[in-house]
Structure formats: structure tokens, C-alpha cells
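Read off the chains here:
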There are 4 protein chains.
Amino acid sequence: MRIIAILSIAVTAMGQSPPTATVPGWKLSIEELRKQYSHYGVGRRLKPGVWPNNSRVAVSLSFDVDNATASLARGELGSEVISRGMYGAIDGLPRILNMLDRQSVPASFFIPAVSALLNPEMIPLILSKKRHEIGVHGWIHENLGILSDSAEEFRLLKQAIETLTKAMGKRPAGYRAPSWAMSPFTLRQVREAGFLYDSSLMASDDAYEITIDGKPSGVIELPIERILDDFPYFGAANGSLPSPEQVDQIYRAEFDVAYREGGLYILTMHPHITGHRSRVLWLERLIEYMKSKPGVWFATHEEVARYVKEHSGK
Amino acid sequence: MRIIAILSIAVTAMGQSPPTATVPGWKLSIEELRKQYSHYGVGRRLKPGVWPNNSRVAVSLSFDVDNATASLARGELGSEVISRGMYGAIDGLPRILNMLDRQSVPASFFIPAVSALLNPEMIPLILSKKRHEIGVHGWIHENLGILSDSAEEFRLLKQAIETLTKAMGKRPAGYRAPSWAMSPFTLRQVREAGFLYDSSLMASDDAYEITIDGKPSGVIELPIERILDDFPYFGAANGSLPSPEQVDQIYRAEFDVAYREGGLYILTMHPHITGHRSRVLWLERLIEYMKSKPGVWFATHEEVARYVKEHSGK
Amino acid sequence: MRIIAILSIAVTAMGQSPPTATVPGWKLSIEELRKQYSHYGVGRRLKPGVWPNNSRVAVSLSFDVDNATASLARGELGSEVISRGMYGAIDGLPRILNMLDRQSVPASFFIPAVSALLNPEMIPLILSKKRHEIGVHGWIHENLGILSDSAEEFRLLKQAIETLTKAMGKRPAGYRAPSWAMSPFTLRQVREAGFLYDSSLMASDDAYEITIDGKPSGVIELPIERILDDFPYFGAANGSLPSPEQVDQIYRAEFDVAYREGGLYILTMHPHITGHRSRVLWLERLIEYMKSKPGVWFATHEEVARYVKEHSGK
Amino acid sequence: MRIIAILSIAVTAMGQSPPTATVPGWKLSIEELRKQYSHYGVGRRLKPGVWPNNSRVAVSLSFDVDNATASLARGELGSEVISRGMYGAIDGLPRILNMLDRQSVPASFFIPAVSALLNPEMIPLILSKKRHEIGVHGWIHENLGILSDSAEEFRLLKQAIETLTKAMGKRPAGYRAPSWAMSPFTLRQVREAGFLYDSSLMASDDAYEITIDGKPSGVIELPIERILDDFPYFGAANGSLPSPEQVDQIYRAEFDVAYREGGLYILTMHPHITGHRSRVLWLERLIEYMKSKPGVWFATHEEVARYVKEHSGK
């Protein structure tokens, strides 16, 4: 039991995650494989010809406000993981919000409901800045892949939506799966809950309509990528941490091509990771770099989703 | 069962792979060890004195079009691994093909048959560009080392050859083992299937004739190396990803010495890994760097194999 | 048994550490989660308006003199880990002390009692330099999270305090948990032992009063961070070691913002890790860089704790 | 069984290695701990006041010619590990020897006996260059820590000495433990076999006489370090490989301080790792850098050991 739990962490750290099939792929027919492959499908491509105000690129910053919830979800109560998570609420989020304010740039915050309940000052602080968005990020950053019960998963999703709706005064428009890891039930539940968009899949750089098992879902995907995530670089606190400058080099290179291709550029960060002194400084410099180019549209995920829904793929 | 499966992934990630002997090496005689060691042997060295058109170096780019097949083979159906793999077909391969076209450089594409069947648009797209080559890369990127049945392995190889032959309109000339990992049966099956060359072993920088258990096989080896593979750098999506510039520094340094030594330079990449925005940009710059030198012959693996077979080691 | 032991090492290496709850977080009520989350709480913030002599920033260097104790604690007696640990006493600590002397900078040394007993020359050597501080760092760098007996933990803590008190001639004022990993009992034992401060938690960049289960403890926290620790970079002797310059880039960037924000800057290092030739050279250059700025107050942890206790948060 | 085997690989990769005690350290008395700690002790320091020809620093390059033996010892027969190891004999060693010849620099080669038997051309090739030294590196790069039988260990050591003596025409003077990992029996066996020096421990930068369980052994230690080993950087073929330039930065920084301190500088490399194109190029540049300084004495390990024995610590 305990071994399994520990190993699943190790495995997650290598980018391998449940759910897993009971039979290896070489025992299956091509029809069965196609079914597995097309559960999370790419439908209508939603890359608009031009962005608002004739902008050339859309930049949408996001912060997953996990704090200590991923540890609490796994039952890990060590002083290191709990206090490191707490940093996100104490120092990380305020420093990030001040910087965004200084730069007049909006962002989307995906908050596990328990994270919001443990630090109830966070949502009002985010909303005190006019343009930010808040989205769903699970009940307690639960690992959906190891939940095996769709009713329990749905109960947790419902609780999460209700908690955020109450704190925000309106229903959230967007969903991001904890750890970007869905169960076989998640995508249908996201569609049934009426979300405008999901931001957990990686099949393209640009937005697309998700197809579920080959059928259009009406849900817009705003794709994320580990390349543009702070976790692979800074998340493993005991790995070999790169300098912010090294990461900046990667983030800028991806931006430069997004700019050239006229695409969508989404960054995923975490207040308890990127909220540190040197990293917010570096993020501010990256934003200043992007602002120095003509034609960069900074928008929340929701604004991007609404725009591509109206202006693309027709 | 499950523990074994997970651990074997961890072990693969560290470069240790099956098959394994039942007895540790210090219990064996030197004759038994020599037998183990010489299963994959180096025969005739095939480094020609000069390359076509008096070129000084041969550069052969290859792309393993795995997409999601390695995950499907292991039965891993997580939204992250499936959608990340899908990226190879949706954005990665088209971006790479456009760039190669712009640079007029040929490449060899090794495609697991299931990958080709799940995205049947890929092979026609590759072949619409005149000079590219397509080679075999397993049925579903199966881990040959953990297959214990040579008949099943042969059935999968046969299916793979037939699928590609049908899609290409001709029989593929080259073979690359999934994950570069062979079973004890693979090498003989590759010889018996009549492949011109294999590109899965690492015993030299330059081409050689493979000997199997000490006997010449007639199969040419075009060696690969983890140093010149995108996977160690970018493959572990949750490791500490280097910037394309850092990898470029390594790839150029290897090229510079290959150029000085008049050798063969083979790069292995993956559309779902290197097909990303900043990485294709970087690869294009590397190609431009190589083209700026006099006497660089860009060729497919098949062209290299045919040339060294005729011009070397006599 | 053995598997568990080995795995717990792997897990520690990824920053996940015991203690763990028996029930995953999504099975708990928000009250139960709040109880888990607030065991290690943040109370009164202790960031003074100004530092002594009108300084803008406080810099406090610390060295955890573990040497081989973490290995001995785990029962690992391999020649590599034992001799590498021994290096801390033989070459590392003397080289560091000489450099600090040259720079006239004080530091705090946290020493597991067994480490001091195995190399009894260390404490007199440290104390022969006037301004340094010595603090508690466990009996034998025991992993508190896997001890399940609060009486045994208390016995080890008592032994540690007595050993250092005897060697120093006075009672130590500060505590740092081995591996920064507390058991559920540790924080209360630290308070009951009458320590002025703890330096093992990460919830802020600046000092604060620890609350235990929501109640003020009177113990000051001087927070540490993996970013400012030598272990993530250099500790895994077989990982990919960065150059001292790469780490220096990170340490300076964090310092620059601490300086701008008027905060506290704490570095954690180890004589058997940072005591190597090139790393002490680099640390000396970092100190010279900090000294080149006006208004940097170098102090021991104890001096910082006494100052913030008197000048903050009133 | 199999799980243990796989895990011990993982553990080795993190620098933790057997042998392990059956009781954790916090259950032991300080006398018992002192006994464990002082098995591999530091005796007389052997840092001479000056090096031959009034040189300021002694540089001794070493190559562990493991090739595929570490894999064969573990029973790992995968095509990747076997062919990568074979590269050491085919391309790596010849390229290194040519470069050393060009630079007129001697080196010490530690060769597992089985490696020499599988590629019998290697020892004559090394000895055809006048100044190089060959030393013992186990029978088949066996993991001594997991051997539990001192008689079997001694038999393997004896076979190794005899094999090299026969191939070289004289008895080797030096010993290096495979993976730098000793069993509880190794050190006594090294002393009883009459070796002049060992080069497997890490307790200092400079040479010293080993004490075994507190008693002088007469054996000189020429210490090695992971910082100055190619394995942590390039050995894990699937980790994130640094560029040769990044490693060069570290190797030079260590050299610069060794030069300043007048010490001993030992590098450990492997033909199947450092023998690659770009890495030999980089090593040649490092050697040229060192040669550009006045007063650098290049010597084999044996020459260093004989010199420090005569000129130090009296």
C-alpha cells in the first residue's frame, strides 16, 4: 500500500501518470488503440487570423495557487512541504500581484478550493485587482488519475465549483486539472459542468475544440506545456535548480516563435514556486521584454477563450 | 506485477534496460562473458576515405515519429502523455517538414506502424517532399527487451514492415529498435528481414558491419548516441529542461569534431519533442551553421548506408 | 523493511518526506485539513523597519556540519559516503573558517552532536574565531519524520543539547531540524527546550513567530529555503552538478531582491559539500560582492533573532 | 529479489551504497559509531612542500576502462549498455591515447580484468606509449558492497592482479575500487595484496596514509572526488547531459584553487564516456590550459604516490 503510494509519486515526477490500461498496447487491436488514443481528441482548430487591436500574439499568464494542497491531498504532512506550500499564500501571491499591478497585466488564477478555504484572504486580494480571472483547479489538488470512482470525482468537482462561486460571487468559466492529469471521467464531467474552456491538454500550441471519443464537445482547449511551466525547472526542490536566467532563455525563445507565428502563448506558474524573490524579478523582466514588442495582447484565459470562439475556425 | 512495471520505467529512465541475465557476471567464465559481450559485435569498419562530391562529413538527420505510441504500448493512458504525444502529429511534424523544406535538407523518419495508422496523414505528408526516407521503428514502440517470445516479436516486426510498405508503396530499407533496445532475438530478425541497415547501436561514431555472435551479418550499422538524441535533454518532461541553446552547444561541438575527423554525424529527434516552437528554430540555426561550412553532405540514412557499403573497408 | 528504507531515501531526494497521514486529504473535512495545515503556523511577522547601523539587509550564513552523520544515522557505511562526509572535518571546515576569517564575516554552525564527538577538534576550532555561533542539529542527523516515538526523539534532543553545551561552555540558542524535517512532536519539543529560535521552516523570506496549532509559541523562525541551500545543487553526488558560477547566479539574484526589499537573507551550506576548493572560492566572491554594497549587516542567526525580537512587529 | 536488484541500482545512482548496518545509527553508542566511522581513516597527511622541478601543482589524469563490464557484472545485456560500453574500446580509448600522445601527457588507466580480456588489444596499445600506468579496477567491475563473502572477493582480486600482471609483464602498483565502493573487507585485502596506493576514497584533496580501524596501513590514498569525475555529468545517459564547456568550467575552477594551494589534482574519466568526439576535444583544451601555467607537474598516480611517500609528512 505504502510502497505503491510512494512509487506513484516517483512515477508522476517522471511524467508518467495513471490511469493505466490493464493490457499492454501490443496486445490490442488497432481499433482498441484508436479508441484509447482519441479519448482526448483535437477537433476544430481555433487559431484566429488576427488578435484584438490587430495584435500579433496573445499572451495569457496563469498561476496555479496550489500552495500546500497537493501535499495535503497525498497525506504528506512534513514540515518542509507544508511550510513551502504556505509560502505561496504568505509571500508568493502578494509579491506576484504587486508585480502584475505594476505592469498592468492581467492573469488567470486556478485555485484548488481547499487552498482558498485555508487562506481565505487570497481570493479577495486577487479580485481587488480588476482584471484577473479565477478558475477551478480541483477540490484539494487531488490526483484524478488514482481516483477510481466517478461519483467521488464528481462530488469533489461540484464542491470545488461551489466554493469558488461563493467566494467570487460568480461561477468560474475555466477548468484546469490538478497536475494536468485527468481520469477517464474528467473530460465528460468538465463538459457537463458547462465550462467554457479547459486548460490541461497539450496537443497543440494553439487553441482547439476538444473532441471526446471522436465527438465535438463544445469545450475549448487552451493548451499548456511543460516547457512553459515553472514546475519542471523549479518544482523538484531537491533537484538541480536552474537559474531564473536559464529558464528565461527558454520562455523567451518560445515567445519569439509564438510572436512570429501569430499564435497563443500560455505560461503556467505557481505562487509557492515562482513567487520567490529572484523569480518574480525575472518574470517582471520577461513581461517587460514582451511589452517592448508591438502587438502583444495580454489577456486572461477566459478572454482568450471567448475571442477564439468567436473569431476562429469558421 | 504493477510494482515491477513501474520500476522498469524508472530503470529505463536511467539507461539500464532489459534483457538481463539470471546470473551476475562475476559468477561466469570468461568464455560465457565473451559470448554475452559479442552478441552485438563490430565487424568491418565502414568509414569511407571521402564522401560524395568530395565532401568532408556526412550529416544524416533522423526523426523517430513515436508520438503517443510508447505510452500506448505501456498501457499509459494519462491525458498528459497522450496529448503530448499527439502534439507530434498535430504541430510537431508539420513544423519540422516545413523547416526541412525551407532548408532543402533530407531526413529519415522512423515510424512505429501504429503511429502511422493513428495519424494516416503523416506518411503522405512526409512523402510529398521528395527526398525523405521512412524506416521501421516497431509496431507500437514496444519494449522488445521485456517481450520474452521471439514469435510474438517477429509477428510485430512483420506487421510493422507490411504497414509501412503498404503506406509507402515500397519496402523500407532501414530499421531502428524502439528505445534503441533490442531483445536477444532482434538482431537476427533484422538480418532475416533483409534490412540494408540498422540504426540502434552505439559502438562507434562511424558506420560498421554488425557481427552477430562473432559472425558477419551483412547488415550495416549507422550508430546513434544519447549525446546526439533529443530525449536525454527534453524527453523527461518533468526533469530540468535545458534551453535549446545549451543543447545546441553540445550538438555543434560534436559536429565540429566529426567535420575535422571526416566522419558520419547522425542526429536523432522526435516530432513530439523537438517539434516545439523554440526547438525547431534552434534546429534550423544548427542546419544553417552546418551549411555554412564547405563540404557537408546531407543525406538520408539509406543514402549513407548505400554509399558506405560501396566505398568503405575494402 | 529494507525496501521501505531505500524508498524513503528516494522520496527524501524528491523533497517528499514523512510524516504522512493514514488517510488522503480528499477524505478529510476542511476542519481536519485546517488542523494539519496549521500545525506549523505563521504568527507575528518579524521584519524590522531597519537593520542595525541603518543597514538595508541582514545576511546570515549558516553551515550544517553533518559530515558523515546522515549516512551513519541511516546505517549506510559505504566507503564513498563515509569518506565524503569525513572531508567536511578534514579539509572543508578549516578552508571555510580561514575564508570567513579573511573576510571578517561571522556564521552560524549547526552541528549534530555525534559529528562533534567524532571530530572533537571542530568546536574549539570554530570557537577560536570570536564571532561564530554553534546551534543544535540533532543527535546524529536522525530523520525525525521516521521516528515514531516522542520519548526517543526527546532523549536524542536532550543528548544533543547536553553534548554541545559541554563542548561550548554554554547552552545553544538555536535549533535546526536535520534535513529540515520535523516529526509531529518536534516543534513542541523545541519550544519546551527553550530555544530562542528555530531555522527549519520555509513559509516566508523574513522572520516570524511560529504558531503551533494556532497558538503563539514564542519561538522565532529564521526561514530557510532550498533555493539558498547548497544541497539541491551539489548534494546528490551523482546527479548533474552545476558549476559554482551557475549557483552563484541564483544566490546573487536572491540577494539583490532581498537588498531591494530590506529583508533577511539566509544561506545554508555544508562543510563536506561547499568546503571544496572551487566552491569556497566562489563563496568568497559572493561575500565580496555583498560587501561591495552599502548597508549589509552580516550577523549570526542568534544576533538576527535577538534583533528582530526587539525591533519588529510591535 | 529482482526488486532489490533494481532498487540498488537506483540507490547507487544517488550516491548511497551498500554495505549497510542492520541497526540505524541512533540506536548505537558513540563507541560503536566511532568504530564504523574510523574504518576508513585519515592518517599521516602527505602533502609535500614542493613538487618535482619546483612545480606548484601535481596533475594526475586517470581513466577507468570499464567499457561494458559494469553492465556485464550486473547481468544487464541490453543492446544499449553493451554497445555503449564497447565504444570505449573501439573509438574512445584510441582517441584518448592519440590526444595524450599529442600533448605528451601521461595517465593512469584502471582496467577491470574482464575488460582487458574482452579487448586484449587495449593493454598493448596503452603500453606502446611509454609513460602510462595500468592499475587494478576489480575483476569485472563487481559491486564489492553487495558481495558478502570475503573469500569470493579475494579470489576476484587475485584473478584481477594476475590477469593484469600477465598482460603488462609486471605487477600493478595501484588499486581503485569499482564504483569507488568498498566492502568491509576491501581495505584490508588491498593492504595485504601489497599495493603502494589506493585511489578510491574522498576524505581530502591531498594524499594521506590510510588508517584502517585506527591503525596506520602503509597504503597511500590518492583521493578522488565526484566533482572531478566524468560520471556524474555524462554517465547517466538519459539524464540531462551538460555541455563539455559547463563541465570544463568546474574542472578549471578546481584546478585554479589546487594550483593556488599547491596541491594534488586528480581527474577520473572513462573511455566509453569521455572518449566521445566533443569531450576529448574539451579535455585537450583543459590540458592546454593547465600547460599554459608555469609549474604544473603531470604524472601518473604511481609517480605521485612514490613522490609523496618520500617527500611528505616527515
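Points about the overall build of chain A
Step number 1: When helices and strands are counted, chain A shows 13 helices and 10 strands.
Step number 2: Since a compact globule built from 314 residues should have a radius of gyration of about 20 Å, the 19 Å found for chain A is in line with a globular shape.
Step number 3: The dimensions of chain A, computed from C-alpha atoms along their principal axes, are 55 × 50 × 40 Å.
Step number 4: Accessible area for chain A stands at about 10,400 Å²; split by element, carbon and sulfur atoms hold 54% of it.
Step number 5: Distance between charge centres in chain A, computed from 35 positive and 35 negative side chains, equals 3 Å.

Digging into the relation of the copies chain C and chain D
Step number 1: The two copies are related by a screw operation: chain C maps onto chain D through 90 degrees of rotation and 0.0 Å of translation along the axis, at an RMSD of 0.0 Å. Between the two chains, the operation in question is that of a four-fold axis.
Step number 2: When the interface residues of chain C are mapped onto chain D, a mere 11% of them are again interface residues, pointing to distinct binding faces.

What about the pairing of strand S2 (residues 57-64) of chain A?
Residue and element names in this part refer to chain A.
Step number 1: Most of S2 is tucked away, with eight of its eight residues classed as buried.
Step number 2: Where burial is concerned, the two faces of S2 agree: the one with Val57, Val59, Leu61 and Phe63 and the one with Ala58, Ser60, Ser62 and Asp64 are both buried.
Step number 3: Alignment of S2 against strand S10 (residues 296-298), held across three bridges, turns out to be parallel. Residue pairing for S10: Val59 is matched across the bridge by Phe298.
Step number 4: Pairing geometry for S2 and strand S3 (residues 107-111), over four bridges, is parallel.

Side note on the packing of helix H10 (residues 244-261) of chain A against helix H12 (residues 277-291) of chain A
Residue and element names in this part refer to chain A.
Step number 1: At a closest axis distance of 10 Å, the pairing of H10 and H12 adopts a crossing angle of 25 degrees. As summarised for this structure, H10 and H12 are arranged roughly parallel, according to the angle between their axes. As H10 packs across H12, the resulting crossing turns out to be right-handed. Residue-level inspection shows Pro244, Val247, Asp248, Tyr251, Arg252, Phe255 and Asp256 of H10 in contact with H12, the latter providing Ser278, Arg279, Trp282, Arg285, Leu286, Tyr289 and Met290.
Step number 2: By residue class, the composition of the contact of H10 with H12 is eight nonpolar, one polar and five charged.

Section: the interface of chain C and chain D
Note on interface size: it is often stated as the accessible area lost on association of the parts.
Step number 1: Across the boundary between the two partners, chain C contributes 53 residues, which contact 58 residues of chain D.
Step number 2: Each partner contributes to the roughly 5,000 Å² buried at the junction of chain C and chain D, and carbon and sulfur atoms together form 59% of this total.
Step number 3: A salt bridge links Glu152(C) to Lys27(D); the shortest N-O distance between them is 3.3 Å.
Step number 4: The interface formed by chain C and chain D holds 21 residue pairs in polar contact (both at pLDDT 80 or more) in total.
Step number 5: Looking at the side of chain C that touches chain D, the elements that each hand over two or more residues are helix H1 (2-13), helix H3 (69-73), helix H4 (79-103), helix H5 (113-118), helix H7 (150-168), helix H10 (244-261) and helix H12 (277-291) of chain C.
Step number 6: Here the element with the most residues in the side of chain C that touches chain D is H4(C); it accounts for 11 residues.

Here we look at the arrangement of the chains
Step number 1: The two partners chain B and chain C share no contact, and the minimum distance between any of their C-alpha atoms is 10 Å.
Step number 2: Taking C-alpha atoms as the reference, chain A and chain D come no closer than 10 Å and do not contact one another.

What about the nonpolar core?
Step number 1: One finds Phe109(A), Phe109(B), Phe109(C) and Phe109(D) to be the most contacted residues of the largest nonpolar core, which totals 337 residues.
Step number 2: Looking at this core element by element, the count peaks at 10 residues for helix H4 (residues 79-103) of chain A.
Step number 3: In contact with Phe109(B), other than residues within four places in its own chain, are Phe63(B), Val65(B), Leu93(B), Leu97(B), Leu100(B), Ile126(B), His132(B), Glu133(B), Ile134(B) and Gly135(B).

Regarding the side chain of Asp230(B)
Residues and elements named next belong to chain B.
Step number 1: Inspection of the secondary structure assignment puts Asp230 in the loop between strand S8 (215-221) and helix H9 (231-235).
Step number 2: For Asp230, which is buried and forms no salt bridge, the nearest opposite charge comes from Arg279, at a distance of 6.8 Å.
Step number 3: In terms of polar contacts, Asp230 uses its side chain to reach the side chain of His270, at 2.6 Å.
Step number 4: Ignoring any residue separated from it by four or fewer positions in sequence, one finds Asp230 in contact with Gly235, Tyr251, Thr268, Met269, His270, Ile273 and Thr274.

Focus on the pattern of salt bridges
It is possible for side chains of opposite charge to pair when their charged atoms get near one another.
Step number 1: Evaluated as defined, the whole model comprises 88 salt bridges over all chains.
Step number 2: Glu192(A) is the salt-bridge partner of Arg191(A), the closest N and O atoms lying 3.3 Å from each other.
Step number 3: On the basis of relative accessibility, which here comes to 33%, the residue Arg191(A) falls in the partly exposed class.
Step number 4: A salt bridge links Asp229(B) to Arg226(B); its shortest N-O distance comes to 2.8 Å. Here Asp229(B) matches Arg226(B) in class, with each residue buried.
Step number 5: Through salt bridges with shared partners, a single ionic network connects Arg95(A), Arg277(A), Asp205(C), Asp206(C) and Glu261(C).

Here we look at unusual backbone geometry
Residues and elements named next belong to chain A.
Step number 1: Located in the positive-phi region is His141, a residue other than glycine, with phi close to 55 degrees.
Step number 2: Tracing the backbone shows His141 in the loop between strand S4 (133-136) and helix H7 (150-168).
Step number 3: The class of His141 is buried, set by a relative accessible area of 8%.

Quick word on the packing of aromatic side chains
Residues and elements named next belong to chain A.
Step number 1: For the structure on display, the rule yields 49 aromatic pairs over all chains.
Step number 2: For the ring pair Phe255 and Tyr289, a centre distance of 6.1 Å and an interplane angle of 70 degrees mean the geometry is edge-to-face. One end of the pair, Phe255, is in helix H10; the other, Tyr289, is in helix H12, and 34 residues separate them in sequence. Like Phe255, the residue Tyr289 is buried in the burial classification.
Step number 3: Here the aromatic cluster, defined as three or more aromatic residues joined through ring pairs, consists of Tyr233, Phe234, Tyr251 and Trp282.

Digging into the confidence of the model for chain A
Residues and elements named next belong to chain A.
Step number 1: Looking at chain A, pLDDT values average 92 and 92% of them are 70 or higher.
Step number 2: Scored below 50 in pLDDT, residues 1-16 shows 32 contacts in the model against residues more than four places distant or in partner chains.
Step number 3: Reported for the predicted complex are a pTM of 0.94 and an ipTM of 0.93.

As for helix H4 (residues 79-103) of chain B
Residues and elements named next belong to chain B.
Step number 1: For H4, which comprises 25 residues, the first-to-last C-alpha distance of 35 Å matches the rise-based estimate of 36 Å (1.5 Å per residue) to within 8%.
Step number 2: A bend of about 45 degrees at Gly92 is the largest found in H4, and the proline Pro94 appears one to four places after it.
Step number 3: The element H4 is largely enclosed, with a buried count of 20 among its 25 residues.
Step number 4: Backbone geometry just after H4 places Ser104 at a positive phi near 50 degrees.

Description of the side chain of Ser83(B)
Step number 1: By the secondary structure assignment, Ser83(B) is in helix H4.
Step number 2: Reaching out from Ser83(B), the side chain makes a polar contact with the backbone oxygen of Ser79(B) at a distance of 2.8 Å.
Step number 3: If sequence neighbours within four positions are ignored, Ser83(B) has contacts with Leu201(A), Met202(A) and Ala203(A).

Some thoughts on the pairing of strand S7 (residues 208-212) of chain A
All names here are of chain A.
Step number 1: S7 sits mainly inside the fold: five of its five residues count as buried.
Step number 2: Bridge analysis of strand S1 (residues 40-45) against S7 gives four bridges, and the strand direction is antiparallel. From the neighbouring strand, Tyr40 faces S7, where its bridge partner is Ile212.
Step number 3: Sheet topology note: the S7/strand S8 (residues 215-221) ladder contains four bridges and is antiparallel. Each bridged residue has a counterpart across the sheet, and for Tyr208 the counterpart in S8 is Glu221.
Step number 4: Where S7 hands over to S8, the hairpin turn is made up of two residues, of which Asp213 adopts a positive phi near 50 degrees.

A word on the environment of Lys166(D)
All names here are of chain D.
Step number 1: Here Lys166 is to be found in helix H7 (residues 150-168).
Step number 2: For Lys166, a relative accessible area of 75% corresponds to the exposed category.
Step number 3: For the pair Lys166 and Asp66, spaced 100 residues apart in the sequence, the C-alpha separation amounts to 19 Å.

A closer look at the environment of Pro120(D)
All names here are of chain D.
Step number 1: Structurally, the position occupied by Pro120 is in the loop between helix H5 (113-118) and helix H6 (122-127).
Step number 2: On the basis of relative accessible area, Pro120 is assigned to the exposed category, the value being 54%.
Step number 3: Sequence spacing of Pro120 and Ala89 is 31 residues, and the spatial spacing of their C-alpha atoms is 9.7 Å.

Quick notes on the environment of Ser71(B)
All names here are of chain B.
Step number 1: Tracing the backbone shows Ser71 in helix H3 (residues 69-74).
Step number 2: The class for Ser71 is buried, based on a relative accessible area of 8%.
Step number 3: In sequence terms Ser71 and Thr186 are 115 residues apart; their C-alpha atoms lie 21 Å from each other.

Rules used throughout
- For every chain, the first residue of the written sequence is number 1, and numbering continues from 1 along that sequence.
- Working convention: letters from A go to chains and numbers from 1 go to ligands, in the order in which they are written.
- Only residues with pLDDT of at least 70 are given local features in this predicted model, and only at 80 or more are side-chain atom pairs given and counted; all residues enter the totals for whole chains, interfaces and linings.
- Note: side-chain values were computed over all heavy atoms of the structure, leaving out hydrogens and water.
- Secondary structure elements are taken from DSSP: a helix is a run of H or I of four residues or more, a strand is a run of E of two residues or more, and numbering for both begins at the N terminus.
- Both definitions apply: the radius of gyration is a C-alpha atom measure, and the globule rule equals 2.2 Å times residues to the power 0.38.
- Each accessible area value is a Shrake-Rupley result obtained with a 1.4 Å probe; residue values ignore everything except the protein chains displayed when judging cover.
- Counted charges follow a simple rule, with Lys and Arg positive, Asp and Glu negative, and His plus the chain ends left uncounted.
- A single reference atom marks each charge: NZ on Lys, CZ on Arg, CG on Asp, CD on Glu.
- In this comparison the copies share one frame, found by least squares on the C-alpha atoms of residues holding pLDDT of at least 70 in both.
- Residue contacts are counted whenever heavy atoms from the two residues lie within 4.5 Å of one another.
- For the exposure calls, accessible area comes from a 1.4 Å probe over protein chains only, and a residue counts as buried if that area is under 20% of its type's maximum, exposed if over 50%, partly exposed in between.
- Note on pairing: two strands pair once DSSP finds at least 2 bridges between them.
- Orientation is described by lines fitted to C-alpha atoms, with helices fitted over the stretch in contact, and by angles between N-to-C directions that extend from 0 to 180 degrees.
- Oblique is the label for any angle not under 35 degrees, not over 145, and not in the 65 to 115 range, which are roughly parallel, roughly antiparallel and roughly perpendicular in turn.
- Should the near helix be turned anticlockwise from the far one by less than a right angle, the crossing is termed left-handed; should it be turned clockwise, right-handed.
- Side-chain classes follow a simple rule in which Ala, Val, Leu, Ile, Met, Phe, Trp, Tyr, Cys and Pro form the nonpolar group, Asp, Glu, Lys and Arg form the charged group, and the remainder, Gly included, forms the polar group.
- The buried area of a pairing is the accessible area, by a 1.4 Å probe, that goes missing from both parts when the two are put together, added over both.
- Salt bridges are defined as contacts in which a side-chain nitrogen from Lys or Arg sits within 4 Å of a carboxyl oxygen from Asp or Glu.
- Whenever a nitrogen or oxygen atom comes within 3.5 Å of another N or O atom, the pair is scored as a polar contact, on the condition that within protein one atom can donate a hydrogen and the other can accept it, and that pairs from neighbouring residues in sequence are kept only if both atoms are in side chains.
- Take the buried Ala, Val, Leu, Ile, Met, Phe, Trp, Tyr and Cys residues and link them wherever side-chain atoms come within 4.5 Å; each set so joined is a nonpolar core.
- The aromatic pairing rule takes the rings of Phe, Tyr and Trp, using the six-membered ring of Trp, and pairs them if the centres are within 6.5 Å, calling planes under 30 degrees apart stacked, those over 60 edge-to-face and the rest tilted.
- A residue's pLDDT is the confidence the predictor assigns to it, expressed on a 0 to 100 scale.
- Multiplying 1.5 Å by the residue count of a helix minus one yields the expected span of that helix.
- What the bend at a residue measures is the angle between two axes, fitted to the seven residues ending there and to the seven starting there.

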